Amino acid sequence: MDSTINVVEAKTKKQLLEYVKFPFSLYKNHPYWVPPLINDELETFDQTKNPAFDQAEAYFFLAYRNNKIVGRIAAIVNWQEIKVQQKPKVRFGWWDVIDDINVTKALLEKVYELGKKHHLSYVEGPMGFSNLDKVGVLTEGFDRMGSMITWYNFPYYKDHLEQLGYVKEKEYFESLFSFSDVHPDSFSKISHLIEQRYGLRIVTFTKTKDIIPYVDEMFNLFNTSYEKLASFVAVSERQKEYFKKKYIPFVNPEYILFVLDKENKMVAFSIVMPGFSEALKKANGRLFPFGFYHLLQAKKHSKEVLFYLIGIEPEYQNKGVTAIIFREYYNVFKEKGITLCNRTPELEENNAIHNLWKNFNSTVDRRRRTYRIELENV
């Protein structure tokens, strides 16, 4: 049998479809892998639709052996990151591979070529275009189902990178806590005092259309509240519109909260998503004919939630504003019968986020990380 590995850039619609569908065969019948929506993935890789390409270039590669796909990878240069933050980095993402380090090595060679072409210094991945994309290789927690906003992978992914000389760059934690362990006394009383002291009010919703006028300001606050993190790349104006259409319809309106000050300026926001993992497994990548129904049912009836984003104006980050948010969520979750709360990947160095949860009985159930290698060493 021929052991030659051929790596081909996926350019045509057929090739990109094969690129998107490769994990479906790699993880076929796997109990913990959560399939993405195929059309959603294709749109992510479409330069005419995804505004990330306004400030980035990306190339998608498939590895073949004996005319069979055995791996895939995306090589990404985010020019905003390089020019504004002075980080001479080439990224890789959407990486999936069989357990053969030679396939991983062949795919990463394409990432190295792109980095060296642009005289960059190092490689980091896996990661997407921006902070709102999926990030990190799973290193712990292989026995729990993933979510719609994280990558799942086999344990050998980490081994491949470390054997090739990669070192840890960023560490992320994912945690969960039981809603039955949440005691409102810890935040209910203080939340009213904080509202009065700073003249704050919380804005809640019952209809998605009423959220839209606030979304641009929310993303502005997102940029402000996360800009000091080492890995941060700001969301552009076109990306705001893109994410508005991509994510807001998936979220129950009552799961989006804004906190405003006396001048009606937004000082905090929070987005929580229903647990879509089981529904996405049933959909198996397709909205039709039945995928949309499964997602709609999950949106209405899921007993799990996923804390997706919390952003707080820096001057309010140590003033207990989240007590107001938690109070409102407690009432909503209690009414909906929520039983389990999941926290999305949080950067190890993001102490402001970790402090939000210090009074909750959280358990770290997954860890993931990005890896780095200097281009001069490959």
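Keep in mind that this is a model prediction, so the values were computed, not measured. (Residues numbered from 1 in each chain as written. Predicted model: local features only at pLDDT ≥ 70, side-chain atom pairs only at ≥ 80, totals over all residues. Heavy atoms only, no water.)

Peer 1: Help me out: how do you make sense of the pattern of salt bridges in this one?
Peer 2: Should their charged atoms come close, side chains of opposite charge can pair. Applying the stated criterion across every chain, the model contains 29 salt bridges. Between Arg 144 and Asp 365 there is a salt bridge; the shortest N-O distance is 2.1 Å. Of the two residues, Arg 144 is situated in the loop between strand S6 (137–140) and helix H5 (156–163) and Asp 365 in strand S13 (residues 363–374); the sequence distance between them amounts to 221 residues. Assessed through its relative accessible area of 22%, Arg 144 is described here as partly exposed. Residue Asp 365 is classed as buried on the basis of its relative accessible area of 17%. (Salt bridge = Lys/Arg side-chain N within 4 Å of Asp/Glu carboxyl O. Helix = DSSP H or I, 4+ residues; strand = E, 2+ residues; numbered from the N terminus. Buried < 20%, exposed > 50% of the residue type's maximum accessible area, 1.4 Å probe, protein only.)

Peer 1: Honestly, helix H11 (residues 322–336) in this entry has me stumped. Any pointers?
Peer 2: In an α-helix, one turn spans 3.6 residues, which is why side chains three or four residues apart end up on the same side. The end-to-end C-alpha distance of H11 is 21 Å, a good match for the 21 Å that 15 residues give at a rise of 1.5 Å each. Burial runs high along H11: 11 of the 15 residues are buried. What H11 keeps buried is the set Thr 322, Ala 323, Ile 324, Ile 325, Phe 326, Arg 327, Glu 328, Tyr 329, Tyr 330, Val 332 and Phe 333. Positive backbone phi, approximately 75 degrees, marks Gly 337, located one or two places after H11. (Expected span 1.5 Å × (residues − 1).)

Peer 1: For this particular structure, what's the right way to read the side chain of Asn 350?
Peer 2: The residue Asn 350 is located in the loop between strand S12 (340–347) and helix H12 (351–356) in this model. If near-sequence neighbours (up to four positions away) are discounted, Asn 350 is found in contact with Tyr 226 and Leu 229. (Contact = heavy atoms within 4.5 Å.)

Peer 1: How should I be thinking about unusual backbone geometry in this particular structure?
Peer 2: Residues other than glycine predominantly adopt negative phi, and peptide bonds predominantly adopt the trans conformation. Cis geometry marks the peptide bond from Gly 125 to Pro 126; its omega dihedral reads -5 degrees. As for its placement among the helices and strands, Pro 126 is situated in the loop between strand S5 (122–125) and S6. Cis geometry is found at the peptide bond from Phe 288 to Pro 289, where omega equals 10 degrees. As for its placement among the helices and strands, Pro 289 is situated in the loop between helix H9 (277–283) and helix H10 (291–301). Unusually for a residue other than glycine, Asn 67 sits at a positive phi of about 65 degrees. A residue is classified by how much of its surface remains accessible, and Asn 67, at 78% relative accessible area, is exposed.

Peer 1: In this structure, what is going on with the nonpolar core? I would like to understand it.
Peer 2: Side chains of nonpolar character tend, in soluble globular proteins, to be buried together. Formed by 75 residues in total, the largest nonpolar core has its most connected members in Phe 222, Phe 258, Phe 269, Phe 307, Phe 333 and Trp 357. If one sorts the elements of this core by residue count, H11 sits on top with 8 residues. Not counting residues up to four positions away in its chain, the partners in contact with Phe 307 are Phe 177, Ile 271, Val 272, Phe 326, Tyr 329, Phe 333, Cys 341, Asn 342, Arg 343, Thr 344 and Trp 357. Among the nonpolar cores identified, the runner-up in size contains 54 residues, and Tyr 27, Phe 53, Phe 60 and Val 103 belong to it. (Core = buried A, V, L, I, M, F, W, Y, C linked by side-chain atoms within 4.5 Å.)

Peer 1: I keep staring at the environment of Tyr 255 and nothing clicks. Help me out?
Peer 2: The topology assignment puts Tyr 255 in the loop between helix H8 (237–247) and strand S9 (256–260). Looking at Tyr 255, the relative accessible area reads 2%, which means it is buried. Beyond its immediate stretch of four places on either side in the chain, Tyr 255 contacts Ser 270, Ile 271, Val 272, Met 273, Pro 274, Val 305, Tyr 329, Val 332, Phe 333, Lys 336 and Ile 338.

Everything listed here is a matter of coordinates, which is why it stays silent on function.
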